[in-house]
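# Descriptive analysis of the structure
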Amino acid sequence: MTVISPSQSDSFHSGTRKPPLAPGSHVLTGHLGPLLWDPLKFLRSCSNVAPVVRMKVAGRSIYLVCDADLVREMLVNKDGAFDKGGPVYEAGRSVAPNSLVVCPAHVHREQRTLMQPAFSPRSISAAESVMADEGEHASQSWQAGQVLDVLAEAGRMTHQVVARTLMPSVTDAIDVDYLLGVVKELTRLLALQVVVPKPVRRIVPSLDRRFAVAVAGTRRAAHQILQASRDSDTPEQGLLGVLMQGDGTGGARLTEEELCDQIITLFTAGTETTAITLAWAMYVLSVRPDLERRLHAELDSLPPGPVSFKNHLGDLPFTCNFISETLRCYPSNWLLSRSPDESTVLGSYLFPAGSSIMFSPYQIHRNPQYYSDPLTFDPDRWDGRPPTVSRRAYIPFGVGARGCIGDRFAVSEIVNLLSSITRRWSLRPAHGFRIRSKRPNLFAAPYGLHLQVEGRRQQP
Ligand code: HEM
């Protein structure tokens with residue numbers, strides 16, 4: 001296969017097409033303006049222009065794959081060729097180079113095999129009582145009339161769940177609020193590393209310095225967790241215990257640095273995404289009492305205690321559809337990237353080696369070609385009536401070998417947290433607060449969402 005250097009990034013071979021320029025380009029600044037001011041609107045405007053469009057950013061071409069089938073082809077059949085790459089993953093590698101999320105394709109299979117047992121149905125069942133307990137603990141602490149900073153509350157719950165399921169033997173020895181702060185700051189600075197171009201960061205070196213401090217602080221915290229776990233009198237039973245045991249055959253094991261990388265991975269990939277989805281779900285319930293009533297009716301019919309992914313989800317069709325629709329309308333990972341090591345053909349396009357290729361679950365989920373009335377929140381579109389959904393165009397958890405390893409864990413966690421919350425409370429929009437979601441960060445979240453807690457009226 002011909003290798004084309006990034007400097008030749010605009011040359012295309014015969015037999016392949018050059019993607020058209022995305023709409024809204026400015027002669028001097030390319031697509032920087034729309035990407036900075038209203039990226040979600042910009043992404044929507046690219047739908048159905050062409051299967052792939054080209055964006056101009058800082059003089060470079062960045063490709064956006066808009067067609068759902070081409071995205072699948074890239075992620076499922078050509079995942080080895082289109083490796084993890086692009087600014088987010090490059091910045092991620094400077095935090096945790098061996099992390100399952102950012103590791104390159106050639107080491108991925110081995111890493112995934114080592115991590116998989118931590119997400120087995122047995123491990124998830126074991127985590128469910130922690131999930132229910134955390135939901136119970138949080139909702140018990142709320143008072144009627146209280147206004148919740150929803151992202152902060154949801155983040156606290158999901159961090160506690162990951163901390164207690166990852167390392168139950170040392171949870172008491174770890175300051176989870178401190179960890180939450182470290183990870184939050186890291187994610188914020190990681191987003192700045194991605195958004196602020198290198199030349200600007202050279203002018204403002206404090207950005208890179210603060211990022212380096214956050215990386216060092218996060219790695220120190222991960223090492224402390226590992227050490228506390230080793231020093232503990234009881235052998236680690238949680239996900240970390242599973243990871244420390246290796247592949248169970250006495251063969252491959254994760255090294256010390258790899259274990260630290262995976263601890264960081266689970267705290268970053270496994271907490272904010274779930275918290276954001278829970279927050280969006282709480283928002284929808286607060287403005288749609290019709291959906292809230294249906295969710296209450298279904299969750300109220302369950303016996304008290306943890307909701308089991310294995311035994312109960314079949315009895316919760318509306319709840320499952322509600323969560324699917326939340327993830328369709330509000331996928332936290334709104335923009336993801338890949339980069340081929342060698343020039344590679346996808347559809348009728350040839351992508352040069354080293355090029356930046358983006359795809360957006362948000363854009364695909366809101367394309368009218370795949371979903372009828374895509375801007376309407378309609379959980380019933382998932383109840384099997386064709387043709388309102390297109391499962392091939394549903395990628396909140398990605399797809400293929402690099403698809404989310406924690407998808408079942410996340411759904412089980414959201415159901416358990418929602419179930420605990422809705423047993424006690426209704427949520428209503430709090431006066432004077434507005435959601436700021438136009439300009440997403442690393443994740444697309446309902447920033448600024450505040451909800452008021454109301455005691456539930458007795459069902460007639
Ligand atoms: C609603 C919650 C979640 C969402 C929306 C979500 C979304 C995603 C997406 C879109 C990817 C693929 C990224 C890509 O292809 O570039 C991914 C990968 C990943 N997620 Fe999640 N995730 C969630 C929860 C979790 C949880 C709870 C965990 C762990 C506790 C987790 C751990 C991971 C890991 C380790 C990967 C990398 C998998 C690999 O490359 O093999 N995620 N997630």
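Below, the structure is looked at part by part. It should be emphasised that the depicted structure is a prediction, and the values quoted were computed from it without experimental measurement.

### Brief notes about the pairing of strand 2 (residues 60-65)
With respect to burial, strand 2 is a largely interior element, 5 of its 6 residues being buried. Direction of pairing for strand 1 (residues 52-57) relative to strand 2: antiparallel, over a ladder of 6 bridges. Within the sheet, the bridge partner assigned to Lys-56 lies in strand 2 and is Ser-61. Hairpin connection between strand 1 and strand 2: a loop of 2 residues separates the two successive antiparallel strands, and Ala-58 in this loop has a positive phi of roughly 50 degrees. Across 4 bridges, strand 2 lies against strand 8 (residues 356-359) in parallel orientation. When the sheet's bridge partners are listed, Tyr-63 is paired in strand 8 with Ile-357.

### What about the pattern of salt bridges?
As enumerated under the stated definition, the model contains 15 salt bridges in all. The salt bridge partner of Arg-188 is Glu-185, with a shortest N-O separation of 3.3 Å. Here Arg-188 pairs with Glu-185, and both are found in helix 8 (residues 176-195), just 3 residues apart, close to one helical turn. Judged by its relative accessible area of 37%, Arg-188 is partly exposed. Salt bridges sharing common partners tie together Asp-133, Glu-134 and Arg-164.

### Looking at the nonpolar core
Inside soluble globular proteins, nonpolar side chains tend to come together where they are buried. One finds Met-167, Phe-267, Met-282 and Phe-322 to be the most contacted residues of the largest nonpolar core, which totals 131 residues. Ranked by residues supplied to this core, first place goes to helix 13 (residues 272-287) with 9 residues. Not counting the four nearest positions on each side in its chain, Phe-322 is found in contact with Ala-281, Val-284, Leu-285, Leu-291, Leu-295, Phe-377, Pro-379 and Leu-418.

### Concerning the packing of aromatic side chains
Under the counting rule described, the total for this entry stands at 9 aromatic pairs. With 6.2 Å between their ring centres and 75 degrees between their planes, Phe-119 and Phe-409 make a pair best called edge-to-face. Residue Phe-119 is found in the loop between helix 5 (105-115) and helix 6 (121-141), and its partner Phe-409 is found in helix 17 (residues 407-424); the two are separated by 290 residues along the sequence. With relative accessibility at 11%, the residue Phe-119 sits in the buried group. One residue, Arg-328, lies across the ring of Tyr-371, its end atom 5.0 Å from the ring centre.

### Notes on helix 17
Counted at 1.5 Å a residue, the expected span for helix 17 with its 18 residues is 26 Å, and the 27 Å between its end C-alpha atoms agrees. Extensive coverage of helix 17 is indicated by the burial of 14 of its 18 residues.

### Remarks on the state of the cysteines
Inspection of every chain in the model, using the stated rule, returns 0 disulfides. This cysteine, Cys-260, is not joined by any disulfide, and Cys-103 carries the nearest cysteine sulfur, 16 Å off.

### Some details on the coordination of the iron atom of the ligand
On the protein, Cys-404 (SG) is the one donor atom to the iron atom of the ligand, at 2.3 Å. In this fold, Cys-404 is placed in the loop between helix 16 (361-365) and helix 17.

### A few points about the site of the ligand
The environment of the ligand is made up of 29 residues, and the closest members are Tyr-89, His-108, Arg-112, Arg-338 and Cys-404. Within the contact set of the ligand, an oxygen atom lies 2.3 Å away from a side-chain nitrogen or oxygen of Tyr-89. In the environment of the ligand, a nitrogen atom lies 3.5 Å from a nitrogen or oxygen atom belonging to the backbone of Ala-269. Broken down by secondary-structure element, the contributors of at least two residues to the shell around the ligand are helix 5, helix 12 (256-269), helix 13, strand 5 (336-340) and helix 17. Here the shell around the ligand is composed, by residue class, of 14 nonpolar, 11 polar and 4 charged.

### A few points about unusual backbone geometry
Although it is not a glycine, Asn-48 adopts a positive phi angle of roughly 65 degrees. Note that Asn-48 resides in the loop between helix 2 (39-46) and strand 1. On the basis of relative accessibility, which here comes to 45%, the residue Asn-48 falls in the partly exposed class. Backbone geometry places Asp-373, a non-glycine residue, at a positive phi of 50 degrees. Residue placement: Asp-373 occurs in the loop between helix 16 and helix 17.

Thresholds applied
Residues numbered from 1 in each chain as written. Predicted model: local features only at pLDDT ≥ 70, side-chain atom pairs only at ≥ 80, totals over all residues. Heavy atoms only, no water. Buried < 20%, exposed > 50% of the residue type's maximum accessible area, 1.4 Å probe, protein only. Helix = DSSP H or I, 4+ residues; strand = E, 2+ residues; numbered from the N terminus. Pairing = 2+ DSSP bridges. Salt bridge = Lys/Arg side-chain N within 4 Å of Asp/Glu carboxyl O. Core = buried A, V, L, I, M, F, W, Y, C linked by side-chain atoms within 4.5 Å. Contact = heavy atoms within 4.5 Å. Phe/Tyr/Trp six-rings, centres within 6.5 Å; stacked < 30°, edge-to-face > 60°. Lys NZ or Arg CZ within 6 Å of the ring centre and 35° of its normal. Expected span 1.5 Å × (residues − 1). Disulfide = S-S within 2.5 Å. Donors = N, O, S within 2.8 Å, 3.2 Å for Na, K, Ca; no water. Near = heavy atom within 4 Å. Polar contact = N/O pair within 3.5 Å; in protein donor to acceptor, adjacent residues only side chain to side chain. Nonpolar A, V, L, I, M, F, W, Y, C, P; charged D, E, K, R; others polar.

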